[in-house]
Structure formats: C-alpha cells, structure tokens
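Here are the chains, one letter per residue:
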Amino acid sequence: MTDKEKLTCPHCGARLLKWAPPDNSTWDDFQYACFNDECLYYQKGWDWMMKKFKVKASYRYRYDPQTGQTGPLAVWSDTAIRNLVIDEKKD
Ligand SMILES: [Zn+2]
C-alpha cells in the first residue's frame, strides 16, 4: 500500500481529512479520519454502540500517520470533532 492509498477510507473511498487531536487526547500529533456521514463504517457504528454499550455514539475510521495504525475514532454526533479538522475548507 502506498501512502496515498492509505489516505482514503477503505469503507467508503472518501478522502481522509487531517485533524488535530484535543489537548486531553492520547494522540500527540495529527490524525486522519473519514468524515463522510454516508460511510458504512460510521453508519453501522451507531447501531453497534447502541446494542453493545447502550449509548448514542458511533465512530469514524481513523488513520494515525505516525504509527500507520488504523482504528475507530469515537464520536457522539454528526458534527463532533469536525471543528478540529484542519484541511477542510469551511463555508
Ligand atoms: Zn469512510
């Protein structure tokens, strides 16, 4: 896999957006995540979290460019964490 391929979501093909973790996060550096609300990974997450933990939350696909690892990024709404995205043009 090339670096370029890693920067798209394997679940929906959307380009991953760079975002800066908040100060209290366990990540020190920039992360990438899929912010596509149509993404199946994200959409299925709502059901899974409700069934498993009885919470209204989901997760987005995340890629850590420092470690090369991917994993879920927990979110509690469609707009959560969007304010931390730094390479998306905001209207
Ligand atoms: Zn996606």
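Refer to the preceding data block for the structure.
What you are looking at is a predicted structure, and each value in this text was computed from that prediction instead of being measured.

1. A word on the nonpolar core
Here is step 1 of the chain: In this structure, Leu 16, Leu 17, Tyr 32, Ala 33 and Cys 34 are the most contacted members of the largest nonpolar core, which totals 14 residues.
Here is step 2 of the chain: Every element with two or more residues in this core is listed here: β1 (17-19), β2 (31-33), β3 (58-63) and β4 (70-75).
Here is step 3 of the chain: Those residues in contact with Cys 34, other than ones at most four positions away along the chain, are Cys 9, His 11, Cys 12, Ala 14, Leu 16, Cys 39, Tyr 42, Arg 60 and Tyr 61.

2. Looking at the sheet that holds β2
Here is step 1 of the chain: The sheet built from 4 strands is open, its strands ordered β1-β2-β3-β4 with antiparallel pairing. Edge positions in the sheet fall to β1 and β4, since each has one partner strand and no second. Between one strand and the next, the sheet's axes are offset by a mean angle of 45 degrees, whatever the strand orientation.
Here is step 2 of the chain: As paired strands, β3 and β4 are joined by 6 bridges and run antiparallel to one another. From the neighbouring strand, Tyr 63 faces β4, where its bridge partner is Thr 70.

3. Side note on unusual backbone geometry
Here is step 1 of the chain: A positive phi angle, close to 55 degrees, is found at Lys 54, a residue other than glycine.
Here is step 2 of the chain: Looking at the element boundaries, Lys 54 is found in the loop between α2 (40-53) and β3.
Here is step 3 of the chain: For Lys 54, a count of 7 C-beta atoms within 10 Å translates into the label exposed.
Here is step 4 of the chain: Unlike most non-glycine residues, Ile 81 shows phi in positive territory, near 75 degrees.
Here is step 5 of the chain: The topology assignment puts Ile 81 in the segment after β4.
Here is step 6 of the chain: Residue classification places Ile 81 among the buried residues on the basis of 21 C-beta atoms within 10 Å.

What counts as what
- Residues numbered from 1 in each chain as written.
- Predicted model: local features only at pLDDT ≥ 70, side-chain atom pairs only at ≥ 80, totals over all residues.
- Core = buried A, V, L, I, M, F, W, Y, C linked by C-beta atoms within 7 Å.
- Buried ≥ 20, exposed ≤ 12 C-beta atoms within 10 Å, placed from the backbone.
- Helix = DSSP H or I, 4+ residues; strand = E, 2+ residues; numbered from the N terminus.
- Contact = placed C-beta atoms within 7 Å.
- Pairing = 2+ DSSP bridges.
- Axes fitted to C-alpha atoms, helices over the stretch in contact; angles between N-to-C directions.

In short, geometric facts, not functional conclusions.
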